[in-house]
Amino acid sequence: METEKIIAAYFAHISEEVWERAAKIKLLITDIDGVMTDGGIIYDDNKLELKKFNVKDGLIVYYLRKNGLMVGAITGRESFVVQNRCEELKFDFHYHGVKNKGKKFKEVLETLELEAEEVAFIGDDLIDLQILSQVGLAVVPSDAIEYLKPYAHYVSRFAGGKGVFREVGDLLLHAKGELVQIVNTLSQQENDKK
């Protein structure tokens with residue numbers, strides 16, 4: 001089966017409205033806890049904070065940025081671990097300890113000279129509602145707070161920390177006509193090595 005058919009089958013459940021919204025996106029902003037992690041926080045006896053991130057989520061950041069999409073994070077918690085992860089992934093920006101995400105979102109729009117409809121956002125809890133209700137493409141993980149789901153244009157098949165960010169990244173790349181080419185190029189590179 002060729003790449004295009006495989007990817008089309010993977011995204012067959014996506015509505016035409018979501019594709020139309022995704023095609024306009026220039027910036028993907030994400031919450032961190034409950035989106036790029038499962039929302040759990042582990043503290044050891046020395047009060048060291050530990051979090052588990054999904055490497056598949058991280059890998060797609062490179063391809064998003066390489067294909068002209070910006071990636072950022074607005075998170076409500078201050079966390080050295082999260083700051084390190086955002087730096088490692090080379091996010092275009094990341095804001096931590098933000099209690100009024102709607103205000104910070106407006107600042108981001110002004111700074112980057114973007115319209116709200118050019119932004120996708122992934123969030124999972126009440127603090128994210130101010131952004132979810134404004135953006136061009138609002139996405140929540142499958143395990144998001146239930147009463148937030150009506151505010152989303154798309155409810156992911158994946159839970160927080162289990163691939164929701166990757167699914168949205170792939171969706172945006174496919175809406176821009178880039179995902180098939182990325183897969184084909186990488187597949188051809190492997191074939192050329194044989």
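As the structure is a computational prediction, the values presented were derived from the model and not from experiment.

> Can you explain the nonpolar core? Please cite residues and give values.
With 37 residues, the main nonpolar core has Leu 137 and Leu 172 as its most contacted residues. When contributions to this core are tallied by element, the ones reaching two or more residues are helix H2 (16-23), helix H3 (55-66), strand E4 (70-74), helix H4 (80-88), strand E6 (119-122), strand E7 (137-140), helix H7 (164-175) and helix H8 (179-193). Sort the elements by how many residues they give to this core and H7 lands first, with 6 residues. Setting aside chain neighbours within four positions, we find Leu 137 in contact with Val 18, Arg 21, Ala 22, Ile 25, Val 119, Ala 120, Phe 121, His 153, Leu 171 and Leu 172. In terms of nonpolar packing, the next biggest core, distinct from the first, is built from 19 residues, Ile 29, Val 108, Leu 132 and Leu 148 among them.

> Any details on a nonpolar patch on the surface? Residues and values, ideally.
Side chains of Ile 42, Leu 48 and Leu 50 sit close together on the surface and give an oily, nonpolar patch of about 280 Å² of accessible area. Using a relative accessible area of 48% as the deciding quantity, one classes Leu 48 as partly exposed.

> Which residues make up the pairing of E7, and what values do they have?
Along E7, one buried face is formed by Leu 137 and Val 139 and the opposite face, lined by Ala 138 and Val 140, is buried too. Alignment of E6 against E7, held across 3 bridges, turns out to be parallel. In the sheet register, Ala 120 faces E7, and the bridge partner there is Leu 137. Bridge count for E7 against strand E8 (residues 154-155) is 2 bridges, and the pairing is parallel. Looking at E8, one finds that Val 139 is bridged to Tyr 154.

> Any chance you could break down the pairing of strand E1 (residues 27-30) for me, citing the residues and the numbers?
Residue alternation in E1 divides its side chains into two sets, Leu 27 and Ile 29 and Leu 28 and Thr 30, and both sets are buried. In this structure, E1 lies alongside E4, joined through 4 bridges in parallel fashion. Each residue of the ladder has a partner; that of Leu 28, found in E4, is Val 71. Of the strand pairs in this sheet, E1 and E6 are connected by 4 bridges, and their pairing is parallel. Within E6, the residue paired with Leu 28 across the bridge is Ala 120.

> Explain the packing of aromatic side chains residue by residue, including any values.
With the rule as written, the count across this model stands at 5 aromatic pairs. Residues Tyr 62 and Tyr 63 carry aromatic rings whose centres are separated by 4.9 Å and whose planes lie at 85 degrees to one another, so their mutual orientation is edge-to-face. Among the residues examined, Tyr 62 registers a relative accessible area of 49% and is labelled partly exposed. Taking 5.5 Å as the distance between ring centres and 35 degrees as the angle between the ring planes, the aromatic pair formed by Phe 93 and Tyr 95 counts as tilted. When its relative accessible area of 10% is taken as the criterion, Phe 93 is described as buried. Positioned above the aromatic ring of Tyr 95 is the side chain of Lys 104, whose terminal nitrogen or guanidinium carbon lies 4.2 Å from the ring centre.

What counts, and at which threshold
- Residues numbered from 1 in each chain as written.
- Predicted model: local features only at pLDDT ≥ 70, side-chain atom pairs only at ≥ 80, totals over all residues.
- Heavy atoms only, no water.
- Core = buried A, V, L, I, M, F, W, Y, C linked by side-chain atoms within 4.5 Å.
- Buried < 20%, exposed > 50% of the residue type's maximum accessible area, 1.4 Å probe, protein only.
- Helix = DSSP H or I, 4+ residues; strand = E, 2+ residues; numbered from the N terminus.
- Contact = heavy atoms within 4.5 Å.
- Patch = residues over 30% accessible without salt bridge, like charges linked within 9 Å, V, L, I, M, F, W, Y side chains within 5 Å.
- Areas by Shrake-Rupley, 256 points an atom, 1.4 Å probe, with all protein chains shown as cover.
- Salt bridge = Lys/Arg side-chain N within 4 Å of Asp/Glu carboxyl O.
- Pairing = 2+ DSSP bridges.
- Phe/Tyr/Trp six-rings, centres within 6.5 Å; stacked < 30°, edge-to-face > 60°.
- Lys NZ or Arg CZ within 6 Å of the ring centre and 35° of its normal.

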